[in-house]
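An overview of the molecular structure
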Amino acid sequence: MKKNERALQIWSVLAYAAYNRQLLNYTILSKATGIPRVALGKFLDVIAKYCQKHNIPPLSIIVVSSKTGKPGDGFPSKNEDLLKLINEVFEFDYLEYGCPSKELTDIQAT
């Protein structure tokens with residue numbers, strides 16, 4: 001599987017979690033996808049960039065640290081702003097939106 005194809009795999013897991021209004025920690029996402037925990041950040045970055053480019057709520061924000069309960073760098077640090085964004089993700093229907101296959105794999109991971 002190519003690197004950015006992994007972002008598609010993660011997208012599907014996150015879309016289902018958002019539908020169920022669930023936060024996932026990095027360990028759970030790693031186990032669900034088979035992607036090493038330390039490698040998840042670059043794929044989540046691809047998803048965040050796609051969401052930003054297409055003006056949809058940032059799906060990757062629902063992946064949080066098991067220690068802090070917060071997402072990685074790049075998201076608001078104020079709890080009220082964070083909770084607002086997470087709620088927007090839970091309200092957006094990513095399953096109806098569909099998996100953005102080609103466009104998502106065209107975004108470069110950093």
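Presented here is an overview of the structure given in this document. On a predicted model such as this, the values are computed, not experimentally measured, just so you know.

The next thing to look at is the pattern of salt bridges. Under the counting rule described, the total for this entry stands at three salt bridges. For Arg21, the salt bridge identified is with Glu91, shortest N-O distance 3.1 Å. On the criterion of sequence distance, the pair formed by Arg21 in the loop between helix 1 (3-19) and strand 1 (24-25) and Glu91 in helix 4 (residues 79-91) is long-range, its members being 70 residues apart. A salt bridge links Lys84 to Glu88; its shortest N-O distance comes to 3.4 Å. Taken as a pair, Lys84 and Glu88 lie in helix 4 at a separation of four residues, close to a single helical turn. A residue is classified by how much of its surface remains accessible, and Lys84, at 54% relative accessible area, is exposed.

For Arg21, which is not a glycine, the phi torsion comes out positive at approximately 55°. Note on Arg21: relative accessible area 43%, which makes it partly exposed. The phi dihedral of Asn55 is positive, around 55°, even though this residue is not glycine. Here Asn55 lies in the loop between helix 3 (40-53) and strand 2 (63-64).

Our focus in this paragraph is the layout of surface pockets. Counted as a void, the largest pocket has a volume near 290 Å³. Around the largest pocket sit 18 residues that line it, and Leu44, Ala48, Ser60, Asp73 and Phe75 are the ones nearest its centre. Residue composition of the lining of the largest pocket, grouped by class: ten nonpolar, six polar and two charged.

Parameters and conventions
Starting from 1, residues in each chain are numbered consecutively following that chain's sequence as written. The model is predicted, so local features are restricted to residues of pLDDT at least 70 and side-chain atom pairs to those at 80 or more, both for listing and for counting; the totals for chains, interfaces and linings are taken over all residues. For side-chain calculations, the full set of non-hydrogen atoms in the structure is used, while hydrogens and water are omitted. Salt-bridge detection follows one rule: a side-chain nitrogen of Lys or Arg within 4 Å of a carboxyl oxygen of Asp or Glu. The numbering of helices and of strands both runs from the N terminus, where a helix is a DSSP run of H or I of at least 4 residues and a strand a run of E of at least 2. Whether a residue is buried, partly exposed or exposed follows from its accessible area with a 1.4 Å probe, protein chains only, as a fraction of its type maximum: under 20%, in between, or over 50%, in that order. Only protein atoms enter the 1 Å grid used here, on which a cavity is any set of points holding a 1.4 Å probe that cannot leave and a pocket is any open set flanked by protein within 12 Å on both sides along at least five of seven lines; residues with an atom within 4 Å of a point are listed as lining. Grid points are joined across faces, edges and corners, and a volume is the space filled by probe spheres set on the points. Here the term charged refers only to Asp, Glu, Lys and Arg, the term nonpolar to Ala, Val, Leu, Ile, Met, Phe, Trp, Tyr, Cys and Pro, and the term polar to all other amino acids, Gly among them.

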